[in-house]
Amino acid sequence: MIGQGAVSATKTSVVMIGAGPAGLLLGRLLGLAGIDNVVLEQRTRQYVEERIRAGLLEHPTVEMLKFAGVADRLESNGQFDDGFELRFEGVRTWVPTADLTGGKQTVLYPQQEVVKDLLRARDDTGQPIVFEALDVALHDSDTERPRVTYRDPDGAEHAVEADFIAGCDGFHGPSRETIPARLRQEFQQDYPFGWLGILADVPPSTRELIYAHHDNGFAMHSRRSPTLSRLYLQVPPDTDAQEVSDRFIWDELQTRLGTQDDWTLAEGPILQKSVTAMRSFVVEPLQHGRVFLAGDAAHIVPPTAAKGLNLAVSDVSVLSEALIARYRGAGEELLAAYSTTALRRIWRAQEFSRHMTALLHHVPGSEFEARLQRARLQNLVKSEHTMAAFSELYVGLPFEGHPERFI
Ligand code: FAS
Ligand code: PHB
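For every chain, the first residue of its written sequence is number 1, and the numbers climb from 1 along that sequence. Chains and ligands are labelled sequentially in the order written, the chains with letters from A and the ligands with numbers from 1. Note on the predicted model: pLDDT of at least 70 is required for a residue's local features to be given, and 80 or more for side-chain atom pairs to be given and counted; whole-chain, interface and lining totals, by contrast, use all residues. As a convention, hydrogens and water are excluded, and side-chain values are obtained from all of the structure's heavy atoms.

1. Points about the site of ligand 2
Right, on to step 1. If even one non-hydrogen atom of a residue comes within 4 Å of a molecule or strand, that residue is called near it. Lining the immediate environment of ligand 2, one finds 13 residues, of which Tyr-211, Ser-222, Arg-224, Tyr-232 and Thr-304 sit closest.
Right, on to step 2. Identification of polar contacts relies on pairs of N or O atoms within 3.5 Å, with a donor-acceptor requirement for protein atoms, meaning one able to donate a hydrogen and the other able to accept it, and with residues adjacent in sequence counted only if both atoms are side-chain atoms. Residue Tyr-232 places a side-chain N or O atom 2.6 Å away from an oxygen atom belonging to ligand 2.
Right, on to step 3. At 2.6 Å from an oxygen atom of ligand 2 is found a main-chain nitrogen or oxygen belonging to Thr-304.
Right, on to step 4. Computed on the free molecule, ligand 2 has an accessible area of 280 Å², of which 97% lies beneath the protein chains in the complex.
Right, on to step 5. Counting from the N terminus, the helices are the DSSP runs of H or I reaching at least four residues and the strands are the DSSP runs of E reaching at least two. Among the elements of the structure, strand S15 (209–213) and strand S16 (219–225) are those that each provide at least two residues to the shell around ligand 2.
Right, on to step 6. Gly counts as polar in this scheme, as do all residues outside two lists: the nonpolar Ala, Val, Leu, Ile, Met, Phe, Trp, Tyr, Cys and Pro, and the charged Asp, Glu, Lys and Arg. Considering only residue class, the shell around ligand 2 consists of nine nonpolar, three polar and one charged. Note on areas: Shrake-Rupley with a 1.4 Å probe; residue coverage comes only from the protein chains shown.

Laid out in structure tokens, this is it:
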């Protein structure tokens, strides 16, 4: 389906492949700078708007969405957190991340709501977005006029010529492959567990996020609204969510989140359950010719520290500044440095995601490692200095670039 402001022009300045947070935010920022752009999305609008994924927004992400003028609903409906609770050996420790970072809050606001806000903002501008753009292919990416072709649901072929292509097509999209294998380095690490996530029709039993380390495995209590709870369980990586009974899920959550005081976990109907595999992945470089990768097309993190969506925003903050600088006649130095600049923060978020995953997930077998893990948890909660260093990474490091000087 061709969205509002259908693609009649076959030429534009920047094409974004993918209507996830990365592609839509980049389109928004370029549009605010007066740079025409087109978004090509393989799925339907309904699919994109209803896809349940991330929930936690870092402080710099919230500030960026405010800057982009798409944060009204976030500010009224988002759940602003001043910290989180850490549980292990039945002991509850409050980690005051906002106090330890000069007031930087994190916000629980579902990714699909961020996507809806960005789509509605795009509707208001009339900028072209194409849904059900099938068989998207990139051509001439190392020339000065790269092209993207696609087929519409009726089978008609289309082509869009641009100055630049932003590969915002997620981990399974075609953009990453445009970087020649001889120039591309891929770093990957898998984990011996995954997350079973549920959406439950029950008011949250906690005001803040709870992360729990337990010998049975990791568990987390998050929130989606005053009446909807989002909870996660560490499970074996090949777990089929439909094979796991609701009773088993609640029993494990009760055990792993249990405390020595009178805290109780309310149960309710499970509306949705799914298993997310865990991996760490980064491709280097993030650019080749006129193609620039951003978001999951460039990297994947385990969801433990909630960095996936936030890194997509971080990449776009750097890429939008570089593209706008180029169109403002400020040269192409920032564009040439995009990959190096973005990778600095990507690798720091990768390290923190892996650290938090290793800290909280139980890997059976090594009792020595299990005791080291408990010692690491004690080191974290026993010193305000270690909690402060952890909190800086948790609420989100400052972005390495920002388009604010141009918009
Ligand atoms: P996205 O994957 O969101 O968007 C890419 C878009 O490109 C999609 O709409 C796709 O349809 C489109 N596309 C792909 N191939 C295409 C093609 N050939 N042609 C045209 N379009 C194409 N992150 C967190 O921070 N916390 C979490 O709790 C969390 N949970 C997650 C759970 C799951 C099941 C998954 C898969 C991811 C989760 N993530 C989480 C990570 C997730 O939120 C991503 O980091 C985030 O969506 C990244 O945004 P984008 O880079 O825009 O990629
Ligand atoms: C979520 O609510 O989906 C969520 C929150 C915090 C995390 C990970 C996921 O660290």
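2. Some points on the site of ligand 1
Right, on to step 1. Around ligand 1, a shell composed of 29 residues is seen, among which Glu-41, Arg-51, Arg-53, Gln-111 and Asp-296 lie nearest.
Right, on to step 2. One of the backbone nitrogen or oxygen atoms of Ala-22 is found 3.0 Å away from an oxygen atom of ligand 1.
Right, on to step 3. A distance of 3.1 Å separates an oxygen atom of ligand 1 from a polar atom in the backbone of Leu-309.
Right, on to step 4. Taking 990 Å² as the accessible area of ligand 1 by itself, protein coverage stands at 86%.
Right, on to step 5. Where the shell around ligand 1 is concerned, the elements lending two or more residues are helix H1 (21–32) and helix H8 (308–327).
Right, on to step 6. For the shell around ligand 1, the leading source of residues is H8, giving three residues.
Right, on to step 7. Looking at the shell around ligand 1, its residues break down into 13 nonpolar, nine polar and seven charged.

3. A short note on the packing of aromatic side chains
Right, on to step 1. Pairing of aromatic side chains requires ring centres within 6.5 Å, counting the rings of Phe and Tyr and the six-membered ring of Trp. Pairs whose planes differ by under 30 degrees are stacked, by over 60 edge-to-face, and all others tilted. As enumerated under the stated definition, the model contains 13 aromatic pairs in all.
Right, on to step 2. With centroids separated by 5.1 Å and ring planes inclined at 85°, the aromatic side chains of Phe-171 and Phe-281 adopt a geometry described as edge-to-face. Here the residue Phe-171 occupies a position in the loop between strand S12 (164–167) and strand S13 (185–190), and Phe-281 occupies one in strand S19 (residues 279–284), the gap between them amounting to 110 residues.
Right, on to step 3. One aromatic cluster is present, built from ring pairs that chain together Phe-84, Tyr-211, Phe-352, Phe-390 and Tyr-394.
Right, on to step 4. A cation sits over an aromatic face here: Arg-43 above Tyr-47, 4.1 Å from the ring centre.
Right, on to step 5. Geometry around Phe-171 places Arg-176 over its ring, the cationic atom sitting 4.7 Å from the centre. Placement of a charge over a ring requires the Lys NZ or Arg CZ to be within 6 Å of the ring centre, with the centre-to-atom vector within 35 degrees of the ring normal.

4. Here's the deal with the sheet that holds strand S17 (residues 228–235)
Right, on to step 1. Spatial strand order, S6-S5-S15-S16-S17-S14-S18: seven strands in an open sheet with mixed pairing. Pairing within the sheet leaves two strands with one partner each, and these edge strands are strand S6 (91–95) and strand S18 (270–276). Across the sheet, the mean angle from the axis of one strand to that of its neighbour is 20°, orientation sign disregarded.
Right, on to step 2. Examined bridge by bridge, S16 and S17 share six bridges and lie antiparallel to one another. Looking across to S17, one finds that Arg-223 is bridged to Ser-229. Note: two strands are recorded as paired if DSSP finds a minimum of 2 bridges between them. In this analysis, axes come from line fits to C-alpha atoms, helices being fitted only over the stretch in contact, and the angle between any two N-to-C directions falls in the range 0 to 180 degrees.

5. Section: the environment of Ala-33
Right, on to step 1. Positionally, Ala-33 belongs in the loop between H1 and strand S2 (37–40).
Right, on to step 2. Type-normalised accessible area, obtained with a 1.4 Å probe on protein chains alone, sets the label of each residue: buried when under 20%, exposed when over 50%, and partly exposed for intermediate values. You can call Ala-33 buried: its relative accessible area is 9%.
Right, on to step 3. Measuring from C-alpha to C-alpha, the distance between Ala-33 and Tyr-109 comes to 26 Å, with 76 residues separating the pair along the chain.
Right, on to step 4. Here, residues are in contact when the closest pair of their heavy atoms is within 4.5 Å. Not counting chain neighbours up to four residues away, the residues in contact with Ala-33 comprise Ile-324, Arg-328 and Ile-407.

6. Some details on empty space enclosed by the protein
Right, on to step 1. Note on definitions: the grid is 1 Å and covers protein atoms alone; a cavity is a set of points where a 1.4 Å probe fits but cannot get out; a pocket is an open set with protein on both sides within 12 Å along at least five of seven lines; lining residues have an atom within 4 Å of a point. Grid points are joined across faces, edges and corners, and a volume is the space filled by probe spheres set on the points. Summed over all chains, the structure comprises three cavities of 30 Å³ or more.
Right, on to step 2. When its volume is computed, the largest cavity comes out at roughly 60 Å³.
Right, on to step 3. In this structure, the largest cavity is lined by Glu-58, Lys-307, Arg-345, Arg-348, Ala-349, Phe-352, Leu-393, Gly-396 and Leu-397.
Right, on to step 4. If one sorts the elements of the lining of the largest cavity by residue count, helix H10 (residues 338–360) sits on top with four residues.
Right, on to step 5. Considered class by class, the residues forming the lining of the largest cavity number four nonpolar, one polar and four charged.

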